[in-house]
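# Descriptive structure summary
Take a look at the letters that make up each chain.
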Amino acid sequence: MLGKRTFLTASLGLVLGGAALAQATLTAPPPAPAQQQTGTTRFITVSSTTSTTDSGLFNHLLPAFQRASGIEVRIVSQGTGQALDTGRRGDADVVFVHARAQEERFVTEGFGVERKPVMYNDFVLIGPRSDPAGVKGSTNITAALQLIRERQVPFVSRGDRSGTHAAELNLWQAAGIDIAAAKGPWYREIGQGMGAALNTSGAMGAYVLADRATWLNFRNRGDLEIVVEGDRRLFNQYGVILVNPARHPHVKQADGQRFIDWLVGPEGQRVIADYKINGEQLFFPNATQPGV
Amino acid sequence: MRDNASILPLDVEGLRFEAGGKTLLDGVSFSLPKGGVTAVIGPNGAGKSLTLRICHKLIMPSAGRVRWAAEPGRKRHAMVFQRPVMLRRSVIANLRHALVAYGTPDPATRAQTALARFGLLALAERPARLLSGGEQQRLAIARAWALEPELMFLDEPSSQLDPGATRQIEEIIRGLAAEGMTILMTTHDLGQARRLSQRVLFLNKGRLVEDAETTRFFAEPSSSEARAFLAGDLLW
Amino acid sequence: MDVTSAFGAALSLIFNLDPQFLQIVGLSLRVTLTAVLLAALIGLPLGALLAVTRFPGRSVIIVLVNGLMGLPPVVAGLIVFLLLSRSGPLGSLGWLFTPTAMVIAQTLLVLPIIIALTRGTIEDLWSEYREHLTSLGLTGWRAVPTLLWDGRFALATGLLAGFGRASAEVGAVLIVGGNIAAYTRTMTTSIALETSKGDLPLALGLGLVLITLTVAINAAAYGASRIGARFAG
């Protein structure tokens, strides 16, 4: 009396119908305490990286932008590769990431309109205080990586196609090491975000490449400290791209562009420079610097 | 009532029922006119309950026919089971549920009438499943009666009850019969069959062996099987 | 380790009534309760129908539903993600990275539990009620309301199990909600985020609050169903 198909279509229909109802009750987001607003919410979705979110920059940046524009920014934080994929599928209006080569490919493939440089921060090599690889105090990142590899000291890699992961792979290459071939049990790819990588390193007494901002914000340091910093090759450039409305017509072009213009404009740049943890500036605005 | 034509007599012809390669009923035929109490008796596994269930349309026979004199839109026969099925609700809610399911007009009043008729008014709000066995059976009969059937099937109505409650139930059955209700009941209590019924259907191994007036059946059974059964030589 | 500071963090979260924290708790409850409600509206009747009907393919569906009880949340999340992505079949709804998407994902997770537990409960009840209801002409879907009502206290357990699964899961809501601050950030995604930021006391504090809430809701439902069950006998 009751067919399997009836059963399945009924359940699917009910799920979607119910979801539509839920949409009605849930779309109006609760008046967020930090953001007083009236009328319908104007918002854009930005896919960005875990390191930017974990560093706390957005908590500082977004309220300033919302005050200036009335636009709420919803940040979905993922690894850079994933964040760009989110843009490719059209699930974000703007991508804000740090892996220049991938960003440029994103634009040439037609998914993004134009890449604009915003700011940089730097990577630091984190390791256990006991420093089993003997690299502490060095300002030469490639030399340090060579020592780690030579002595087979545990090293944690993000392994998640993030900007930090891409930067790490470039550094191995710069050190003359083909990591795909050289990796052994000492090289541990965890496929997770920056914070998770730091937690793991702390637990295993391993070295790890991290962005300074996340490190400064990181609370569970335990035995970890900065062992290598200051090498120019550790600089980490961020870029921002509007997802191409020609590709995804629903992209909020005007509001997304507004966000980008504000970020690279004088006010956004000033707010970025203002963000400090313990008196230390984390991000260095450089939108006007050519060729980055 | 949309249709006042009586559903009786009930004509049962050549009932046969098979399950799992076994023949549980074989060629059972009888006719049930209006009025009176008819007892279906016989050893365990004779097919007594099965016969009632087939007549009440709970089970389809493998062969044979159950024919009613009239087939009104609403079923006018009701059944009370050996273990009364009590919904997890109050006494009154059990009545109302059945009445609403049946589409009886003005279920609330009818439920009250049934409670009063069977002496259950004081128990109206009690959870039905917390009643004693006798009270549960009374409620089950009241619930069937409320549906205004012409014919009531009772399956071993007192097999789970103590002697006091059994006596009460028998009185109720006699009262129903006196009001003109036709009753077809199974029982393994031969004294009960003798006390209540005017007619006996004796089943053995799925066959209707004797169909007789109660007094004659107990005084001079015509078959050797019935004689053995009454002498206690048949397992039951 | 930091267990004391975790308790400290939990207590200060609760007693300071931090608005951001309240918002997170509110969203978590709203999403999970909506999902359980939806799954109940769908799953209770479907589970009951599965219990009282016989049709070809029924056992296949039962096995499937039982198996789906163990559906990994990330897989449910991924399915909903692919459906709701702008590049997916339902992309034009614009539901990805919204609380609605989280409700859908959690409904999907809870639904098999409710269907399976309902089927089990109602099948037992049906074997007890069957002859009486059939006698009254209540067969197939017509028996469902009676059975659901009479099984309501046992069925509450299934709803609680569903609530437990939905409120505890992080994988699905993280994928389809995007963990957007003040919009789709729930207790569990906050815990994941704070853990990744290395703020373990805050993460554990949130965890304690989550456990407390879950236990409180279970206790309330359990108490209510005990009282009810005593009445219904």
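Now for a description of the structure that goes with this document. Since we're looking at a predicted model, the values are computed, not measured.

A few words now on the packing of aromatic side chains. In the structure shown here, the tally under the stated rule is 17 aromatic pairs over all chains. Taken together, a centroid distance of 5.3 Å and an interplanar angle of 75° make the contact between A:Phe155 and A:Trp172 edge-to-face. Of this pair, A:Phe155 sits in strand E5 (residues 155-157) while A:Trp172 sits in helix H7 (residues 163-174), and the two are 17 residues apart along the sequence. A residue is classified by how much of its surface remains accessible, and A:Phe155, at 1% relative accessible area, is buried. Judged by its relative accessible area of 0%, A:Trp172 is buried. Within the aromatic cluster, the residues linked to one another by ring pairs are A:Phe58, A:Phe96, A:Tyr238 and A:Phe283. The ring of C:Tyr183 has A:Arg74 sitting right over it, with the charged end atom 3.2 Å from the ring centre.

On to the environment of A:Ile44, then. Residue and element names in this part refer to chain A. Counting through the fold element by element, Ile 44 comes out in strand E1 (residues 43-49). On a C-alpha basis, the gap between Ile 44 and Gly 265 in space is 18 Å, while along the polypeptide they are 221 residues apart. Excluding anything up to four places from it in sequence, Ile 44 contacts Ile 71, Glu 72, Val 73, Arg 74, Asp 93, Lys 252, Asp 255, Gly 256 and Phe 259.

Let us look at the interface of chain B and chain C. Taken together, the contact pairs 21 residues of chain B with 18 residues of chain C. Summed over both sides, the interface of chain B with chain C buries roughly 1800 Å², with 55% coming from carbon and sulfur. Its largest share of buried area at the contact with chain C, chain B owes to B:Val85, B:Arg88 and B:Arg89, together 33% of the area lost on that side. At the junction of chain B with chain C, the criterion picks out 4 salt bridges. In this structure, the salt-bridge partner of B:Arg88 is C:Glu128, at a minimum N-O distance of 3.1 Å. Inspection of the region where chain B meets chain C yields 9 residue pairs in polar contact (both at pLDDT 80 or more). Tallying contributions element by element places helix H2 (residues 91-102) of chain B first for the side of chain B that touches chain C, with 4 residues.

With that settled, consider empty space enclosed by the protein. According to the stated counting rule, one finds 2 cavities of 30 Å³ or more in the structure shown. Taken as a whole, the largest cavity holds about 120 Å³ of empty space. Taken together, 16 residues make up the lining of the largest cavity; nearest its centre are C:Ser28, C:Thr32, C:Ser167, C:Met187 and C:Leu210. Elements supplying a minimum of two residues to the lining of the largest cavity: helix H2 (19-52), helix H7 (152-168), helix H9 (187-196) and helix H10 (200-232) of chain C. A per-element tally of the lining of the largest cavity places H2(C) first, with 4 residues. Empty space within the second largest cavity amounts to approximately 110 Å³. Only strand E5 (77-80) and helix H4 (133-146) of chain B together with helix H5 (99-135) of chain C provide two or more residues apiece to the lining of the second largest cavity. Here the residues of the lining of the second largest cavity sort into 11 nonpolar, 2 polar and 1 charged.

The rules behind the values
Residues numbered from 1 in each chain as written. Chains lettered and ligands numbered in written order. Predicted model: local features only at pLDDT ≥ 70, side-chain atom pairs only at ≥ 80, totals over all residues. Heavy atoms only, no water. Phe/Tyr/Trp six-rings, centres within 6.5 Å; stacked < 30°, edge-to-face > 60°. Helix = DSSP H or I, 4+ residues; strand = E, 2+ residues; numbered from the N terminus. Buried < 20%, exposed > 50% of the residue type's maximum accessible area, 1.4 Å probe, protein only. Lys NZ or Arg CZ within 6 Å of the ring centre and 35° of its normal. Contact = heavy atoms within 4.5 Å. Buried area = accessible area lost by both parts, 1.4 Å probe. Salt bridge = Lys/Arg side-chain N within 4 Å of Asp/Glu carboxyl O. Polar contact = N/O pair within 3.5 Å; in protein donor to acceptor, adjacent residues only side chain to side chain. 1 Å grid on protein atoms, 1.4 Å probe; cavity = no way out; pocket = protein on both sides within 12 Å on 5 of 7 lines; lining within 4 Å. Points joined across faces, edges and corners; volume = space filled by probe spheres on them. Nonpolar A, V, L, I, M, F, W, Y, C, P; charged D, E, K, R; others polar.

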